[in-house]
Every structure is written in structure tokens, then in C-alpha cells.
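Notes for the structure review
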Amino acid sequence: THFTVQNKNEFTGLVRGPAVIVTATHKVTGYQKTFKVTVNSNWNVLLNNLSRLYDVAYQYNIQNQSKALETTFKYIRTKKYNDTWWPGVAGETDNTFNSYIEDYYPTINNYFSCDADHLTEADYIITIPDTATNGKIDFLHMMATLNRLFYSGTTVYYGIPVDAVLGDKVDDLCGWAGDFQALIRDYFDAGNNHITQSGVYEAFYPMIGSDDYYCSYSDIITDMDSCNLCSHLSNSVLATGEDLKKVFEDYYYGNSGNVATKRFTTWIGAMSEDQLKKEISIYCNDHSTLVIKWPLLNQYSIYDYQQNAFAEAFVDYLLMQKNLE
């Protein structure tokens, strides 16, 4: 995405740090959107607010850790990701909990809410500097993915229950696979019509991780981290917000084990190159193995050679990132 800053001084002094109004122009479609970006938010301030929010959610859910995590992530997710299919795949907004936070914890509410009067909650992001690279973590994106990964309700897509049909595929589609499919959509929308597998690959590979498209480097590392953090959170005892904060601190500031400096290595795990391609390839077609059209790719017809090229490109990119670690 290309950003041009407007009214830079209009939102100074916010609790999240420096904020600017930006206009993003999508390279393929030319679509423009103006929204607020909080730049280089402070990790400690963010985690302190996240910690306090979790403490409230933990008591709200009668000390049920899994439900507390779901409530915490859902509360933040619904500040931005609360339209189209998100309520069906990650849960409806908990208005009772929201009202409780608004009434009794206004500082937390203000921190995680859009505070630009003329913008809606859907029009802002919070970026955090990645501690392992020069990249950025899209925090609200992460909260949406984690919300799905800890979602305990019935998965509904536009009113139709899909748990029995797609199962854990929705987990991936709400995270890394959804971003991968958005990039495949960009490939076609850009007018590409290569007729060989090598032609598709050569045109598609440079698009991966590019800020010009919907699968930027920030998107990729945010979803890698979401999956890795989900595992850490699930395997930790989180009786307090400080416990939650420590998981994030260990991941982003730790120097050994499964931390951000080894995010791609951790996510790939023991999968071989062939296994990794098999895992990714099913999302590189316009339909699943059950001949159900993927929502993001339902207007396209993807041929085998294109599917293979997309999958190989993603695998090569991820393995390249792993080798850099």
C-alpha cells in the first residue's frame, strides 16, 4: 500500500503514540481509503493495556482462561473487524462486556478504540515495530486472527453453519490463508494471463510480501506470529494479565526458543517442503477439496498449472524467510 500523510499534526498526544491520517492507494484496483494509523506504538504501553483488559475478561468469564482469551481478543477485534463474515466466524460482539469496559475502564476503552470523531472504528490500525526485523506488526489484524483461533462458538458463514464442512480450514482462512488468497485475487485483478506455470510463478513471486498488495510482509509476519502465539498461550497458565503480558514479551523480546526471530522456522515446524506445499496448495485453487468455492476466489477459475505456481511461490518465499533466520 502506498501511504500519503494528511493532517499530520491533527492527532498528536494520543495515548497510543503518534498518529497520522493516511490515504492508501491499492496498486491493482486504484481503490483509495483514508484512515488513521498509529505509528510505532509502544510495546510496553500496549501490553499494559492488554494485560489490564485480560484481568477484567478473566474475572468476567469466572476464571476460565480460554474464554477470557476469546473475550479479550474479540473485544479488540470488533473495534475494526466486525462486518461481513467476521461475526459468524469469530463471534458476535459481546455488548455486555463492551459496556462494562466503557463504563468502568474508560482508559482501556479509549486505548483500543478509534478516537478520531470523523472516522469509524473500521478505519484505523495500530502498528507495532517488529522486534526481529524492520517490519511492522498489525496489532488489530493479530487480534482478529487470534480471536478466530480461540473462538469456541459455531462457525456461521452468512447464516449457514459450516463447522462440519470446513472445520479448521476457517482458522487458516481468517489468518495466513486468507492473505494468500487475497494476493491470488490481486494477481488476477492486475490483468495477468500467463499461460505457463513458469510465467505465473515469475509474475506472482515478486508480489508476495510487497506493500503494494494485500499480502504485505506485515500481513505475513502478523499471521505467522498469531499462530505461534496461539500455541504459547494455549500451553501457558494465564491466571493474570501479567502472565499474558509475559507470553508476548518472551516471544518478542526473548533470545531463545520459539520467538519472533524464529517465527518462520517455528510456523513451518517439522513439515518438509512437499508437506508445506500440500498444506498451502489447497488454498491456491478457487475451491476446496469439497468443491466449495472459497469466498475470496469465488469469481475466478484457477487451472492446475496456476495453482501449482501459486503454491510453489508461497513455499519458496516461506522457506527463503526461514533460511534467513
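Here's what I pulled together on the structure shown here.

Basis of the calculations
Residues numbered from 1 in each chain as written. Predicted model: local features only at pLDDT ≥ 70, side-chain atom pairs only at ≥ 80, totals over all residues. Heavy atoms only, no water. Helix = DSSP H or I, 4+ residues; strand = E, 2+ residues; numbered from the N terminus. Expected span 1.5 Å × (residues − 1). Buried < 20%, exposed > 50% of the residue type's maximum accessible area, 1.4 Å probe, protein only. Polar contact = N/O pair within 3.5 Å; in protein donor to acceptor, adjacent residues only side chain to side chain. Phe/Tyr/Trp six-rings, centres within 6.5 Å; stacked < 30°, edge-to-face > 60°. Contact = heavy atoms within 4.5 Å. 1 Å grid on protein atoms, 1.4 Å probe; cavity = no way out; pocket = protein on both sides within 12 Å on 5 of 7 lines; lining within 4 Å. Points joined across faces, edges and corners; volume = space filled by probe spheres on them. Nonpolar A, V, L, I, M, F, W, Y, C, P; charged D, E, K, R; others polar.

Notes on helix α1 (residues 43-60)
The terminal C-alpha atoms of α1 lie 25 Å apart, and with 18 residues this matches the ideal 26 Å at 1.5 Å per residue to within 8%. Taken residue by residue, α1 has Trp43, Leu46, Leu47, Asn49, Leu50, Ser51, Leu53, Tyr54, Val56, Ala57 and Tyr58 as its buried positions. The backbone nitrogen of Asn44 lies 2.9 Å from a side-chain oxygen of the residue at the head of α1, namely Asn42. In the stretch just after α1, Ile62 is the one whose phi turns positive, near 55°.

What about the packing of aromatic side chains?
Summed over the entire model, instances satisfying the criterion amount to 27 aromatic pairs. Where Tyr100 meets Tyr105, the ring centres are 6.0 Å apart and the plane angle is 55°; that geometry is what we call tilted. Accessibility expressed as a relative area gives 36% for Tyr100, which makes it partly exposed. Classification of Tyr105 by relative accessible area gives partly exposed; the value is 26%. Relative to Tyr205, the ring of Tyr201 has its centre 5.7 Å away and its plane inclined at 20°; by these criteria the two rings are stacked. By way of ring pairs, the aromatic residues Trp176, Phe180, Tyr187, Phe188, Phe204, Trp267, Tyr283, Trp294, Tyr300, Phe310 and Phe314 are connected into one cluster.

Brief notes about the environment of Ala57
Along the chain, Ala57 falls in helix α1. Residue classification places Ala57 among the buried positions, given a relative accessible area of 0%. Those residues in contact with Ala57 that sit more than four places away from it in its chain are Ala68, Thr71, Thr72 and Phe97.

Details of empty space enclosed by the protein
All chains considered together, the criterion is met by one cavity of 30 Å³ or more. Taken as a whole, the largest cavity encloses approximately 40 Å³ of empty space. In terms of lining, the largest cavity is formed by Thr71, Lys74, Tyr75, Asp94, Phe97 and Asn98. For the lining of the largest cavity, the secondary structure elements donating two or more residues are α2 (65-77) and α4 (95-104). Examining the composition of the lining of the largest cavity, we find that three residues originate from one element, α2, more than from any other. Broken down by class, the residue content of the lining of the largest cavity amounts to two nonpolar, two polar and two charged.

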